[in-house]
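# A structural walkthrough
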Amino acid sequence: MFDARLLPLQRRLLHPVARWLSLRGVSADAISLVGFAFGAAGALAAAYGAFGLALAGILANRIGDGLDGEVARMAGATDRGAFLDIALDFVFYALVPLGFAVAAPQNALPAALLIASFVGTGSSFLAFSVIAERRGLQAQDYPSKGIFYLGGLTEGTETIAVLIAMCLWPSAFPWLAGGYALACTLTTLTRWYAGWTLLR
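The structure contained in this document is the topic of the report that follows. (Residues numbered from 1 in each chain as written. Predicted model: local features only at pLDDT ≥ 70, side-chain atom pairs only at ≥ 80, totals over all residues. Heavy atoms only, no water.)

### Focus on the overall build of the protein chain
- Along its length, the protein chain carries 7 helices and 0 strands.
- When the helices and strands of the protein chain are placed in sequence order, the string is α-α-α-α-α-α-α.
- Pairs at least 24 apart in sequence give 77% of the contacts found in the protein chain among residues at least 6 apart.
- As presented, the protein chain carries roughly 10,800 Å² of accessible surface, and 69% of it is formed by carbon and sulfur atoms. (Helix = DSSP H or I, 4+ residues; strand = E, 2+ residues; numbered from the N terminus. Contact = heavy atoms within 4.5 Å. Areas by Shrake-Rupley, 256 points an atom, 1.4 Å probe, with all protein chains shown as cover.)

### Describing the packing of aromatic side chains
- The tally for this structure, following the rule as stated, stands at 6 aromatic pairs.
- Relative to Tyr93, the ring of Phe92 lies with its centre 5.5 Å away and its plane at 50°, an arrangement referred to as tilted. Tyr93 matches Phe92 in its accessibility class, with the two residues each being buried.
- A ring pair is formed by Phe100 and Phe173, whose centres lie 4.8 Å apart and whose planes are at 5°; its orientation type is stacked. Here Phe173 lies in helix 7 (residues 173-198) and Phe100 lies in helix 4 (residues 79-103), a separation of 73 residues in the sequence. Note on accessibility: Phe100 and Phe173 belong to one class, buried.
- Taken together through their ring pairs, the aromatic side chains of Phe92, Tyr93, Phe118 and Tyr180 make up a single cluster. (Phe/Tyr/Trp six-rings, centres within 6.5 Å; stacked < 30°, edge-to-face > 60°. Buried < 20%, exposed > 50% of the residue type's maximum accessible area, 1.4 Å probe, protein only.)

### Considerations on the nonpolar core
- Core analysis: the largest hydrophobic core is formed by 24 residues, its most contacted members being Phe92, Phe100, Leu114, Leu163, Met166 and Tyr180.
- At the level of secondary structure, the elements contributing two or more residues to this core comprise helix 2 (28-47), helix 3 (51-75), helix 4, helix 5 (108-135), helix 6 (156-168) and helix 7.
- Phe92 has contacts with Phe36, Gly39, Ile58, Asn61, Arg62, Ile160 and Leu163, leaving out every residue within four places of it along the chain. (Core = buried A, V, L, I, M, F, W, Y, C linked by side-chain atoms within 4.5 Å.)

Here's what the structure looks like:
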């Protein structure tokens with residue numbers, strides 16, 4: 001919901017660091033992989049109840065996710081890079097609630113609901129982008145994205161905010177996960193409707 005508005009600010013903040021990395025030959029793919037490693041480590045930390053470390057891993061992952069795109073635009077974006085970026089993102093989003101599920105039994109069902117809702121948002125997002133690419137459609141709000149970016153109520157900004165809240169208030173995980181699963185379900189329904197109407 002807020003990604004399109006925050007993306008220009010994110011790019012301005014990360015541009016100097018991305019330029020420094022690019023001039024030293026650091027590839028966007030390498031940043032994607034390192035960022036994913038930080039995110040996976042954060043999920044592992046959550047599983048052990050080290051929620052401060054989990055938060056650090058999540059934040060490092062998201063910084064890496066912004067940096068890889070900036071570096072890619074400087075060096076020349078590739079289809080492989082766009083594929084790697086989105087594929088790793090979706091696995092990261094599932095690993096964090098899995099970590100919380102391992103940390104405490106009462107988190108298991110809310111985590112499962114959240115992961116299932118992520119499958120809905122992710123599959124509707126990717127299915128639409130594949131057909132949009134085939135038809136030559138472009139997302140006006142996200143011209144710099146490597147694939148067609150179909151927005152919704154729950155996008156990256158909202159997801160990261162919820163993951164951060166989970167790390168700050170881990171005892172509230174069941175409520176945060178359940179509420180966000182509902183919001184993701186609404187996003188999935190609106191994307192189904194968008195696909196049904198726009199791709200006629």
